[in-house]
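A closer look at the structure
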2 protein chains.
Amino acid sequence: MHAATIHAAGDIRWQEVPDPKITKDTEAIVKVVAGCICGSDLWPYRGENPITAGDTIGHECVGIVEEVGGAVRSFRPGDFVIVPFCHSDNTCAHCRHGFTSVCENLGFTTSGQGEYTLVHEAEGSLVKVDGTPDAGLIPSLLALSDVMPTGWHAAVAAGVTPGSTAVVVGDGAVGLCGVLAASRLGAERIIAMSRHEPRQEIARAFGATDIVVERGKEGAARIADMTDGVGADSVLECVGTDQSMKTALKVARPGGNVGFVGVPHGVELPIRTMFQRNVGLRGGMAPVRAYLPELLELVTSGAINPGLVFDLTLSMPDVAEGYRAMDERRAVKVLLQP
Amino acid sequence: MHAATIHAAGDIRWQEVPDPKITKDTEAIVKVVAGCICGSDLWPYRGENPITAGDTIGHECVGIVEEVGGAVRSFRPGDFVIVPFCHSDNTCAHCRHGFTSVCENLGFTTSGQGEYTLVHEAEGSLVKVDGTPDAGLIPSLLALSDVMPTGWHAAVAAGVTPGSTAVVVGDGAVGLCGVLAASRLGAERIIAMSRHEPRQEIARAFGATDIVVERGKEGAARIADMTDGVGADSVLECVGTDQSMKTALKVARPGGNVGFVGVPHGVELPIRTMFQRNVGLRGGMAPVRAYLPELLELVTSGAINPGLVFDLTLSMPDVAEGYRAMDERRAVKVLLQP
């Protein structure tokens, strides 16, 4: 098959790679109908994560089941499925507690920007979409493989409750989905930190009531002003840098909570400040599978439209241009079609 | 008046100091009926916190109101009161959210190991006990000024729920009160980490179902065994060192929570591990005043007896011996009578 591969920082190629093969009866192969590029794919693309030259890349996709192993009972070839970026058996103790992203048999999608992808623990991981979804629904279904559940996890981890004030740090696709999640969870005031107009627009469409364009200390001071010096009940940290985390901890009110989903890069937590201000911190990789039934219902009923985060659609062979567009912030998030 | 003073590491003296005076109409003076020594008093005693020679020391006490400022309406001389170690107006935004320990007008008891103590924001801080409490109730009432609400805060911050498994790291008086709190909040299994027999006994009296004597990695391995490799839903970190925090984060199950109340000393948080395991962290100085109505009811009804943590009673002039006894772990917690 063909798939996106990474060879060095900035070097993405669409090329032939070995077809995925089922080697365990718990696996399945999915033919990709749509994949996309994640903000976290930019870490290796920018040389900030180690790279094994020639590896396939991409962990988000939806598609049609091509083949299943003998232990996979609930899915058959032809089923349209959402493929959570992290695969889980959905039966171990951690999964039963709702933390499918820390499953004892954790696996990952590794060729979501390719023609086919292998799913470990298919029975526990995949979620079927009835019938053949309309083309117009595909972007929102694709968003359910990672970005929307990740924004949702940030909001849940930050303890967003009805009537509360939430701040979202980060205006990438995850941050924007965090705005949507905070809105659905009932936050009355949602302050999105964003300096990019197209992103501000999506944020407003997703429920942001206020936009703060300042960053760092200035941004924190602005939010302090806006909240009468109190701070926010819940803060969604959707970047993963030291600055974004410091901002998040600063704009939370004493006794508030920060939910973090940006993979931490160089973050040093100021534990004394957290102690003095009684600000809680909770987050990590989103348990996508656990959130999927609820989120799929919201998408299919039209209650949410997370697919709005895709503002550029390319064909898969042009994947390298997709990375460039996201790296240069010309695109919020790129959808790839085979 | 006379009060305990600190002059250098290891140098506690009972000596004459200026009487506290009301200088703001929100203040009150309380005649101390019982005070005590806190585990956190040992930080300066051991030279691990800066010391101003000659300062009074001690932040826990109960007593009888001696004098009130003009703005104090709900208390009058003769009232028996619990004095939360942190004083709060109970009206600011943070107090209204339940975080009285981050009050905009925060103050502290500074001569709880003396004959009299000044209370800032007396109206918002003090809690009256009806009538004249029996001598036998004094230790438990005294425990409400800090140690019991602090253990309670650890359990609340760790999200203890009915039927859950809790681990308590630290067998000082706060850790023991944490066991009691976890038990009241309905934890089904409570594992206390303690290697000291007299403390193990109190832990069992407070509701511990299991005792783990190993520390650090061995302790964590033991708890992994006991929980079928899953870990605990809630962990109460009641020490404040790097080792105790690392142990706490390790024994929490993926998706679990650590509540921390030990003032952090040299703690470095492993954010990557927290992210990978989705373990939340929350805590800080206990909002004593916010918890007091509920806890006072539990004490006066006989439902809890946190006074059991006091295993040595001395007269105030012997306060230096009290510090030595706690420093050498000959006593769990020392009660001081004028």
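Parameters at a glance
- Numbering of residues begins from 1 in every chain and follows the order in which that chain's sequence is written.
- In the order they appear in the text, chains get letters beginning with A and ligands get numbers beginning with 1.
- Residue-level local features of this predicted model are given only where pLDDT is at least 70; pairs of side-chain atoms are given and counted only at 80 or more, and the full residue set underlies all totals for whole chains, interfaces and linings.
- Side-chain figures throughout are based on the complete set of non-hydrogen atoms in the structure, without hydrogens or water.
- UniProt positions are given in the numbering used here, feature names are shortened, and annotations may be inferred rather than shown by experiment.
- We count a stretch as a helix when DSSP gives it H or I for four or more residues in a row; a strand needs E for two or more, and each element gets its number in order from the N terminus.
- Partly exposed residues are those whose accessible area sits between 20% and 50% of the maximum for their type, while under 20% is buried and over 50% is exposed, using a 1.4 Å probe and protein chains only.
- Should any heavy atoms of two residues lie within 4.5 Å, those residues are counted as being in contact.
- Here, Shrake-Rupley sampling with a 1.4 Å probe gives the accessible areas, and only protein chains in the shown set may cover a residue.
- When charges are tallied, Lys and Arg are placed among the positive residues and Asp and Glu among the negative ones, while His and the ends of the chain are skipped.
- The location of each charge is read from NZ of Lys, CZ of Arg, CG of Asp or CD of Glu.
- Only buried residues count toward a nonpolar core. Its members are Ala, Val, Leu, Ile, Met, Phe, Trp, Tyr and Cys residues joined through side-chain atoms within 4.5 Å.
- Here an axis means a line fitted to C-alpha atoms, over the contact stretch when the element is a helix, while the angle between two N-to-C directions is reported on a 0 to 180 degree scale.
- By definition in this entry, angles of less than 35 degrees are roughly parallel, angles greater than 145 are roughly antiparallel, angles of 65 to 115 are roughly perpendicular, and the rest are oblique.
- Crossings are classed by handedness, with left-handed meaning an anticlockwise turn of the near helix from the far one by less than a right angle and right-handed meaning a clockwise turn.
- Just so you know the grouping, Ala, Val, Leu, Ile, Met, Phe, Trp, Tyr, Cys and Pro go in nonpolar, Asp, Glu, Lys and Arg go in charged, and all remaining residues, Gly too, go in polar.
- How far each domain reaches was decided by an automatic or database domain assignment.
- By buried area we mean how much accessible surface two parts lose on assembly, using a 1.4 Å probe and totalling the loss over both.
- Here, a salt bridge means any Lys or Arg side-chain nitrogen found within 4 Å of an Asp or Glu carboxyl oxygen.
- Two N or O atoms form a polar contact when they lie within 3.5 Å of each other; inside protein one atom must be a possible hydrogen donor and the other a possible acceptor, and for residues adjacent in sequence the pair counts only when both atoms belong to side chains.
- The copies were overlaid by least squares, fitting only the C-alpha atoms of residues that reach a pLDDT of 70 or more in each copy.
- Pairing between strands is defined by DSSP: at least two bridges between the two strands are required.
- The aromatic pairing rule takes the rings of Phe, Tyr and Trp, using the six-membered ring of Trp, and pairs them if the centres are within 6.5 Å, calling planes under 30 degrees apart stacked, those over 60 edge-to-face and the rest tilted.
- One less than the residue count of a helix, multiplied by 1.5 Å, gives the span that helix is expected to have.

Looking at an unreviewed UniProt entry, chain A carries the name Threonine dehydrogenase-like Zn-dependent dehydrogenase, with the source organism given as Nocardioides daedukensis. The heading Sequence similarities (unreviewed entry) in the UniProt record of chain A holds the text "Belongs to the zinc-containing alcohol dehydrogenase family." Within the UniProt record for chain A, the comment given under Cofactor (unreviewed entry) is "Zn(2+)".

1. So, the overall build of chain A
Along its length, chain A carries 12 helices and 18 strands. The C-alpha extent of chain A, read off along each of the three principal axes, is 60 × 40 × 35 Å. When the 338 residues of chain A are sorted by exposure, 59% land in the buried category. In chain A, once contacts between residues fewer than 6 apart in sequence are set aside, the share between residues at least 24 apart is 68%. Element-wise, carbon and sulfur atoms account for 47% of the exposed surface of chain A, whose accessible area totals about 12,800 Å². Averaged over its 28 positive side-chain charges, chain A has a centre that lies 5 Å from the centre of its 40 negative ones.

2. Thoughts on the nonpolar core
Membership of the largest hydrophobic core comes to 160 residues, with the highest contact counts inside it found for A:Met148, A:Leu269, B:Met148 and B:Leu269. Among residues more than four places away in sequence, those in contact with B:Met148 are B:Ala143, B:Cys177, B:Leu180, B:Ala181, B:Leu295, B:Ile304 and B:Pro306.

3. Regarding the packing of helix α5 (residues 147–157) of chain A against helix α6 (residues 173–184) of chain A
Residue and element names in this part refer to chain A. With their axes 7 Å apart at the nearest point, α5 and α6 run at an angle of 60° to one another. Put simply, α5 runs oblique to α6. Crossing angle aside, the handedness with which α5 passes α6 is right-handed. Residues Val147, Met148, Thr150, Gly151, Trp152 and Ala155 of α5 pack against Ala173, Val174, Cys177, Gly178, Leu180, Ala181, Ala182 and Arg184 of α6. Grouping the constituent residues of the contact of α5 with α6 by class yields 10 nonpolar, three polar and one charged.

4. Here we look at the domain arrangement of chain A
Residue and element names in this part refer to chain A. Parsing chain A into structural domains produces domain 1 (2–146 + 287–337) and domain 2 (150–283). The C-alpha-based centres of domain 1 and domain 2 are spaced at 26 Å. The largest contributions to the domain 1 side of the interface with domain 2 come from Trp43, Arg329 and Val332, which together make up 32% of the buried area. Close ionic contact of Asp171 with Arg329 constitutes a salt bridge, the shortest N to O distance being 2.7 Å. Summed over the shared surface of domain 1 and domain 2, the number is six residue pairs in polar contact (both at pLDDT 80 or more). For the side of domain 1 that touches domain 2, the element with the highest residue contribution is helix α11 (residues 288–300), accounting for four residues. Residues of the side of domain 1 that touches domain 2, tallied by class, amount to 14 nonpolar, two polar and five charged.

5. Considering the relation of the copies chain A and chain B
For the match of chain A to chain B, the screw axis carries a shift of 0.0 Å, the RMSD comes to 0.0 Å, and the turn is 180°. The superposition operator between the copies reduces to a two-fold rotation axis. Relative to the rotation axis, the C-alpha of A:Leu281 is the closest in chain A, positioned 2.7 Å from it. Of all interface residues in chain A, 100% are interface residues in chain B too; the two copies therefore contact each other through one and the same surface.

6. Remarks on the interface of chain A and chain B
Many analyses report the size of an interface as the accessible area lost when the parts associate. Contact residues are listed per partner, giving 37 residues for chain A and 37 residues for chain B. Together, the buried faces of chain A and chain B total about 3,100 Å²; carbon and sulfur atoms form 63% of this surface. If you sort the residues of chain A by the area they bury against chain B, A:Ile271, A:Phe275 and A:Asn278 come out on top, with a joint share of 24%. Applying the counting criterion to the chain A and chain B interface returns zero salt bridges. Here chain A and chain B share 15 residue pairs in polar contact (both at pLDDT 80 or more) between them. Of all elements in the fold, only α2 (93–96), β15 (252–260), α10 (271–277) and β16 (280–283) of chain A reach the threshold of two or more residues within the side of chain A that touches chain B. In terms of residue class, the side of chain A that touches chain B is built from 18 nonpolar, 14 polar and five charged.

7. Quick look at the pairing of strand β1 (residues 2–8) of chain B
Residue and element names in this part refer to chain B. With respect to burial, β1 is a largely interior element, five of its seven residues being buried. Two strands pair when backbone bridges link them, and β1 and strand β2 (residues 11–16) are joined in this way by six bridges, in the antiparallel orientation. The residue of β2 that forms the bridge with Ala8 is Asp11. With antiparallel pairing between neighbouring strands as the criterion, β1 and β2 make up a hairpin whose turn holds two residues, including Gly10 at a positive phi of roughly 80°.

8. Some remarks on the packing of aromatic side chains
Aromatic ring pairs: the centre-centre distance and the angle between the two ring planes describe each pair. Residue and element names in this part refer to chain B. Enumeration over the complete set of coordinates arrives at six aromatic pairs over all chains. A ring pair is formed by Tyr45 and Tyr323, whose centres lie 5.1 Å apart and whose planes are at 35°; its orientation type is tilted. In this pair, Tyr45 is assigned in helix α1 (residues 42–45) and Tyr323 in helix α12 (residues 319–327), connecting sequence segments 278 residues apart. There is no split in this pair, since Tyr45 and Tyr323 are both buried.

9. Structural notes on the side chain of A:Lys333
Mapped onto the elements of the fold, A:Lys333 is located in the loop between α12 (319–327) and β18 (334–337). Here A:Lys333 is in contact with A:Cys36, A:Ile37, A:Cys38, A:Glu60, A:Val147, A:Ala173, A:Val309, A:Phe310, A:Asp311, A:Leu312 and A:Met326, once residues within four sequence places are set aside.

10. With respect to the sheet that holds β1(B)
On the basis of which strands lie adjacent, the open sheet formed by three strands has the order β2-β1-β4 (chain B) and antiparallel pairing. Whereas interior strands pair on both sides, the edge strands pair on one side only; in this sheet they are β2 and β4 (55–56) of chain B.

11. Some points on the UniProt feature "domain: Enoyl reductase (ER)" (unreviewed entry) in chain A
Under the local residue numbering, the UniProt record ascribes the feature "domain: Enoyl reductase (ER)" (unreviewed entry) to residues 10–336 of chain A. The span residues 10–336 of chain A carries 31% helix and 24% strand; its end-to-end C-alpha distance comes to 18 Å.

12. Here we look at α6(A)
All names here are of chain A. Counted at 1.5 Å a residue, the expected span for α6 with its 12 residues is 16 Å, and the 17 Å between its end C-alpha atoms agrees. Within α6, burial applies to Ala173, Val174, Gly175, Leu176, Cys177, Gly178, Val179, Leu180, Ala181 and Ala182. On its buried face, α6 is in contact with α5, β11 (165–169), β12 (189–193), α7 (197–206) and β14 (232–237). Where α6 terminates, the next one or two residues include Gly186, which has phi positive at roughly 100°.

13. Let's talk about the pattern of salt bridges
Within the structure shown, the criterion is met by 24 salt bridges over all chains. Across the pair B:Glu60 and B:Lys333 runs a salt bridge, and its minimum N-O distance is 3.1 Å. With B:Glu60 in the loop between β4 and β5 (61–68) and B:Lys333 in the loop between α12 and β18 (334–337), the pair connects residues that are 273 residues apart, well separated along the chain. Residue B:Glu60 is classed as buried on the basis of its relative accessible area, which comes to 0%. When the shortest N-O distance is used, the salt bridge between B:Asp242 and B:Lys246 registers 2.8 Å. Separated by four residues within a single helix, B:Asp242 and B:Lys246 lie in helix α9 (residues 242–251), roughly one turn from each other. Using a relative accessible area of 34% as the deciding quantity, one classes B:Lys246 as partly exposed. A single salt-bridge network, built from bridges that share partners, covers A:Glu321, A:Arg324, A:Glu328 and A:Arg330.

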